[in-house]
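The primary structure of each chain is shown beneath.
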Amino acid sequence: MRELILKMSISVDGFVSDLDGGNKWMFGSDPEAKAWAVETIWNASLHIMGSRSFQAMAAWWPTSTDVFAPPMNQIPKAVFSRQGPAILRSAHPTAALNEARAHAGSTQSTERQPGADSWANAYVASGDLTEEIARLKAREGKPIMAHGGVSFARSLIARNLVDQFVLGVHPVALGKGLPLFSELAAPMPLKLIHSKAFPGGVVAQIYRAT
């Protein structure tokens, strides 16, 4: 059985972005935090995401030379979408993608990177979310890693499908925005299993669902 890990960056007051989906505060210059995040992402046998995140990432990572690109391109993907296989033929830049590009500097190449074709070969999960996750978890291997957006993450949380939360808590308070845990039917007890502070102020908090 594979566990499901949800990896998200959040503000200290629990938001994953502002109300318009912007997250400029997420792009810091802390090499230690970035190296830790890359190592964490490599510890997955499958990346899963919702359709909007998939479209944005499929437009970005295949030609990226950022340090996140190798694990994002080379590890298999699954996209959750009612569109069926048509989702694999659409890759559209989003506001968040354009914001990431603006902060990326020279990390885009004119050449496709190793593993770039994996996006076109992603598994498309069009069935019931709980049943699809159960099928993916039933396979052997390293954990499954879920990436946002926030709607997909909330759906996983609301259905108690997440085994472990890997939260990068950034030193910023937004006051209002898109919260991660807003669809809980009841309080969710969590057990802190690891915490690591980085020089730039980001704190990695890893929790297990109890």
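My aim in this report is to walk through the structure given alongside it, one point at a time.

Parameters and conventions
- Residues numbered from 1 in each chain as written.
- Predicted model: local features only at pLDDT ≥ 70, side-chain atom pairs only at ≥ 80, totals over all residues.
- Heavy atoms only, no water.
- Helix = DSSP H or I, 4+ residues; strand = E, 2+ residues; numbered from the N terminus.
- Rg over C-alpha atoms; globule rule 2.2 N^0.38 Å.
- Buried < 20%, exposed > 50% of the residue type's maximum accessible area, 1.4 Å probe, protein only.
- Contact = heavy atoms within 4.5 Å.
- Areas by Shrake-Rupley, 256 points an atom, 1.4 Å probe, with all protein chains shown as cover.
- Lys, Arg positive; Asp, Glu negative; His and termini not counted.
- Charge placed at Lys NZ, Arg CZ, Asp CG, Glu CD.
- 1 Å grid on protein atoms, 1.4 Å probe; cavity = no way out; pocket = protein on both sides within 12 Å on 5 of 7 lines; lining within 4 Å.
- Points joined across faces, edges and corners; volume = space filled by probe spheres on them.
- Nonpolar A, V, L, I, M, F, W, Y, C, P; charged D, E, K, R; others polar.
- Phe/Tyr/Trp six-rings, centres within 6.5 Å; stacked < 30°, edge-to-face > 60°.
- Lys NZ or Arg CZ within 6 Å of the ring centre and 35° of its normal.

## Some remarks on the overall build of the chain
Logical step 1: Helix and strand counts for the chain stand at 6 helices and 10 strands.
Logical step 2: At 16 Å, the chain has a C-alpha radius of gyration in line with the 17 Å of a compact globule built from 210 residues.
Logical step 3: Expressed as lengths along the three principal axes of its C-alpha atoms, the size of the chain is roughly 40 × 40 × 30 Å.
Logical step 4: For the chain, the residues scored as buried account for 47% of the 210 residues in total.
Logical step 5: Residue pairs at least 24 apart in sequence account for 83% of intrachain contacts in the chain once pairs closer than 6 positions are excluded.
Logical step 6: Working note: accessible area of the chain is about 10400 Å², and carbon and sulfur atoms make up 54% of it.
Logical step 7: For the chain, the centre of its 20 positive side-chain charges and the centre of its 17 negative side-chain charges are spaced 3 Å apart.

## Brief notes about the layout of surface pockets
Left-over empty space is what a probe sized like a water molecule reveals as it rolls over the atoms.
Logical step 1: Within this model, the second largest pocket holds a volume of roughly 180 Å³.
Logical step 2: Taken together, 13 residues line the second largest pocket, and the ones lying closest to its centre are Ile157, Asn160, Leu184, Pro187 and Met188.
Logical step 3: Classifying every residue of the lining of the second largest pocket gives 10 nonpolar, 2 polar and 1 charged.

## With respect to the packing of aromatic side chains
Logical step 1: Taken as a whole, this structure holds 5 aromatic pairs when the rule is applied.
Logical step 2: When the centroid spacing of 5.8 Å and the interplanar angle of 55° are considered together, the rings of Trp36 and Phe198 count as tilted. In this pair, Trp36 sits in helix H1 (residues 31–42) while Phe198 sits in the loop between strand S9 (190–197) and strand S10 (203–209), placing the two residues 162 residues apart along the sequence.
Logical step 3: Given the relative accessible area of 7%, Phe198 is considered buried.
Logical step 4: Judged by centre distance (5.3 Å) and plane angle (40°), the ring pair of Phe80 and Phe152 falls under tilted. Placement of Phe80 in strand S4 (residues 77–80) and of Phe152 in helix H6 (residues 150–158) is noted, with a sequence separation of 72 residues between them. Comparing Phe80 with Phe152, the two get one shared label, buried.
Logical step 5: We note Lys77 situated over the ring of Trp119; from NZ or CZ to the ring centre the distance is 4.5 Å.

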